Amino acid sequence: MKRLPPYPCLLWSLVFLGSFLFFELNYRYWYRFMEQYSLFLYRWDYFADLCVQVGGFNAWVTAWVTQFFQLPCFAPLCLAGLLTLPGVLFSLLLKRSFNESSLRAPLLSLCPWFLFWLYPVESIAFLLALTAGLGSACLYTRVRKAPLRYLAGFALITLLYPLAAPAHLAAAAGILLYECIRAARGGGDKAGLWGLGLCLWALVLPLAAMRTVYVVPLREAFLSKHLFHPEYPLPASLWYVATSFLAVAGLAYVFRRRQARPREKPACISLLVAGMILGVVFGRHPLEQAYRYDWLARQGAWERIARDALEHPVKDKDALVYANLAHAYCRSYNEALLQLPQIGEEGFIPRDPKTRLGLIQAAEVSWLLNHTNSAQRFAFVGVLSSERNVQPRLMRRLIETYLVNEEYKAAEKYIRILEKSALYRREMQKLRPLLDPETASQTEWITQRRRLNPTTDNPYDPTKSFPSALAFLLDDHPDNPAAFAYGMGYLLLYKELHAFMHYMEERKGTDEKLPTLYQEAICIYYTAVENNPEAFRSYAVDPDVYQRYREYLQQSGSLSPTLLRRRYGDAYYYYAQFVPTPEKPAS
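Position numbers for residues count from 1 along each chain, tracking the sequence in the order it is written. Only residues with pLDDT of at least 70 are given local features in this predicted model, and only at 80 or more are side-chain atom pairs given and counted; all residues enter the totals for whole chains, interfaces and linings. Excluded from the side-chain calculations are hydrogens and water; all other atoms, namely the structure's heavy atoms, are used.

## Describing the overall build of the protein chain
Right, on to step 1. Helix and strand counts for the protein chain come out as 32 helices and zero strands.
Right, on to step 2. Throughout, a contact is declared for two residues whenever any of their heavy atoms are within 4.5 Å. Long-range contacts, defined here as pairs at least 24 residues apart, represent 69% of the contacts in the protein chain between residues at least 6 apart.
Right, on to step 3. Where accessible areas are quoted, they stem from the Shrake-Rupley method and a 1.4 Å probe; at the residue level, only the protein chains shown are allowed to cover. For the protein chain, the computed accessible surface area is about 28500 Å², with 60% contributed by carbon and sulfur atoms.
Right, on to step 4. His is not counted here, nor are the chain ends, while Lys and Arg score as positive and Asp and Glu score as negative. We put the charge of a Lys on NZ, of an Arg on CZ, of an Asp on CG and of a Glu on CD. For the protein chain, the centre of its 63 positive side-chain charges and the centre of its 51 negative side-chain charges are spaced 17 Å apart. Secondary structure elements follow DSSP: runs of H or I of four or more residues count as helices, runs of E of two or more count as strands, with numbering from the N terminus.

This is the structure we're talking about:
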């Protein structure tokens, strides 16, 4: 048995390990988020609908693989493999083209794969197509006899086009490279012409098919619509990757006669390891914290989000929305309000959301506030705006809102769809009995939400006029706990103490103990806004809270700013006096 060269094996083993660590440490939750935009259904019509499209079989395989991205380490392992395998195939193609025992500069063939670290792909469809194309080009080089080889190339390109476009373009480029180099090495003058002819066939094939077999736009005819979202411009990274392969092939040709030096291999390995370490350490996704919180929210792990947001810095507004949500679910919102880096209204709910994550967050916040129709609208827009109108998480939210609103036929439609998915089937089986009106009316979470549903018209969109939407919800149901917590948090954050005291006046006759944050706000109101000792004594302010406030008033003028913040930075009166009020978004 022929022994594999240890040096290339070592290089590609390092690429696999480095890629796994890069995606596991920096993009784990981003790919788990992307899983929900590629719903795989175990249905014959789903397979048939995809396979009659350009590159449809590749899209079907992509969706089948992507559904397992929820599993631990699956996405990083898959991406590491799909970066390593095409790299090995490309190196093999170069080796066979130049007829060398080694490339003498094997690090060149690694260059394109670092671009996938700089520009990670949302879908593995492109990597699968690249693998299929390079694999076919390597298979082509195994055929020795010229006429049979050209016929095999024609068949491979023709077959790859409907199954995995643009794999046919990658295969044609590999074949052209092989034949041109063979011709330059004296393999026959016609070899390059045959390679050029097969490449032209790969370009003509989509043009011939786009008005006969497939009635599709030019871009979809060449690249299929499954690599990237069909309504968005092609990413620049696609051209960078294509150019890098051409550049590597050109450099390999220039250095084809260069002899390897003894110290070259250790230098290449050291350079590769250094580059991978830099990528792993500094290549973190800027929204990875938000995507991690989103993943935990999908699991219902609100306690973990709430705890993590207090233990580690919240780095962006998307993560802040989830942190506020988590504390509202955990009934710890009043205690955590000033401990989080609040930025104003956009930290409560996205402002006029249009992104994937923003629509999900808007649906989550509206659902928490029992604004069921708004949650339904954001979920519906999120489903319609996603590619192929699939988004199982928002479909589940639609089912829940339809059940609350007693729209059982609409709920059944989405239950039937998700029952065809292996990952969501069990969950749908639990929801199906709720299609019976009597069973639904006896289910606690449904009856609770029906009780808190708005009873009067609420014309305000919570993502455009958050305080007004909250006010209408509280007018309908003052006992709506989430709406009350968010409403008071909003008023305290913007220091609107008059409106805050209006709601405190309504709560005065109840036996409910006011949170410390509310008591501190009452103290400062009756000191700085209205001097009314009798009204102040009507609120059950804890003696300890009041005593601490008196100490603050005595010491605020004598303590240094650093010491004052250390002692009273968690108190509302410190926030009201020293922390700038967030700007309100423009109407």
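## Overview of the pattern of salt bridges
Right, on to step 1. Any carboxyl oxygen of Asp or Glu that lies within 4 Å of a side-chain nitrogen of Lys or Arg is treated as forming a salt bridge with it. With the rule as written, the count across this model stands at 24 salt bridges.
Right, on to step 2. Of the charged contacts, one joins Asp 352 and Lys 354 as a salt bridge, the two residues approaching to 2.9 Å between their closest N and O atoms.
Right, on to step 3. A relative accessible area of 33% means that Asp 352 is categorised as partly exposed.
Right, on to step 4. One continuous salt-bridge network, built from bridges that share partners, spans Asp 294, Glu 364, Arg 393, Arg 396, Arg 397, Glu 400 and Glu 427. Relative accessibility under 20% of the residue-type maximum defines a buried residue, over 50% an exposed one, and the middle range a partly exposed one, all with a 1.4 Å probe and only protein chains included.

## Brief notes about the packing of aromatic side chains
Right, on to step 1. Pairs were defined over the aromatic rings of Phe, Tyr and Trp, the Trp ring being its six-membered one, requiring ring centres within 6.5 Å. Orientation was assigned from the angle between planes: stacked under 30 degrees, edge-to-face over 60, tilted for the rest. Here the structure, examined in full by the defined rule, presents 53 aromatic pairs.
Right, on to step 2. When the ring of Phe 22 is compared with that of Trp 117, the centres are 4.6 Å apart and the planes differ by 10°; the resulting orientation is stacked. Taken as a pair, Phe 22 in helix H1 (residues 6-26) and Trp 117 in helix H6 (residues 111-118) lie far apart in primary sequence, 95 residues in all.
Right, on to step 3. Take Phe 22: its relative accessible area is 2%, and that puts it in the buried class.
Right, on to step 4. Among the aromatic residues, those joined into a cluster by ring pairs are Phe 22, Phe 23, Tyr 27, Trp 30, Tyr 31, Trp 64, Phe 68, Phe 69, Phe 74, Phe 114 and Trp 117.
Right, on to step 5. Each ring is checked for a lysine NZ or an arginine CZ that lies within 6 Å of its centre and within 35 degrees of its normal; such an atom marks a charge sitting over the ring. The side chain of Arg 32 reaches across the aromatic face of Trp 295, ending 4.6 Å from its centre.

## Topic: the side chain of Arg 449
Right, on to step 1. As for its placement among the helices and strands, Arg 449 is situated in helix H24 (residues 444-452).
Right, on to step 2. Here Arg 449 is buried and forms no salt bridge, its nearest opposite-charge partner Glu 400 lying at an N-O distance of 7.0 Å.
Right, on to step 3. The term polar contact refers here to a pair of N or O atoms within 3.5 Å; inside protein, the definition further demands a hydrogen-donor-capable atom paired with an acceptor-capable atom, and it admits residues adjacent in sequence only when both atoms are side-chain atoms. A distance of 2.6 Å separates a polar atom in the side chain of Arg 449 from the backbone oxygen of Trp 367.
Right, on to step 4. Among residues more than four places away in sequence, those in contact with Arg 449 are Trp 367, Asn 370 and Val 404.

## What about helix H12 (residues 236-254)?
Right, on to step 1. Helices are assigned an expected span. That span is 1.5 Å times one less than the residue count. Along its 19 residues, H12 runs 27 Å from first to last C-alpha, staying within 8% of the 27 Å computed at 1.5 Å per residue.
Right, on to step 2. Residues of H12 that are buried include every one of Ser 237, Leu 238, Val 241, Ser 244, Phe 245, Val 248, Ala 249 and Ala 252, and no others. Buried residues of H12 fall within an arc of 130° about the axis and therefore sit on the same side. Exposed residues lying more than 90 degrees from the buried face of H12 are Leu 246 and Val 254. The reported arc concerns the directions from the helix axis to the C-beta atoms and nothing else.

## Quick look at the domain arrangement of the protein chain
Right, on to step 1. Considered domain by domain, the protein chain is made up of domain 1 (6-282), domain 2 (288-452) and domain 3 (507-587).
Right, on to step 2. The C-alpha-based centres of domain 1 and domain 3 are spaced at 63 Å. These domain limits were set by an automatic method or by a database of domain assignments.

## A short note on unusual backbone geometry
Right, on to step 1. In this model, Ala 165 is joined to Pro 166 through a cis peptide bond whose omega is 10°.
Right, on to step 2. One non-glycine residue, Ser 224, lies in the positive phi region at around 70°.
Right, on to step 3. Tracing the chain through its elements places Ser 224 in the loop between helix H11 (218-223) and H12.
Right, on to step 4. Of note in this structure, Lys 495 is not a glycine but carries a positive phi near 60°.
Right, on to step 5. By secondary structure assignment, the location of Lys 495 is in the loop between helix H26 (481-493) and helix H27 (497-507).
Right, on to step 6. Residue Lys 495 is classed as partly exposed on the basis of its relative accessible area, which comes to 23%.

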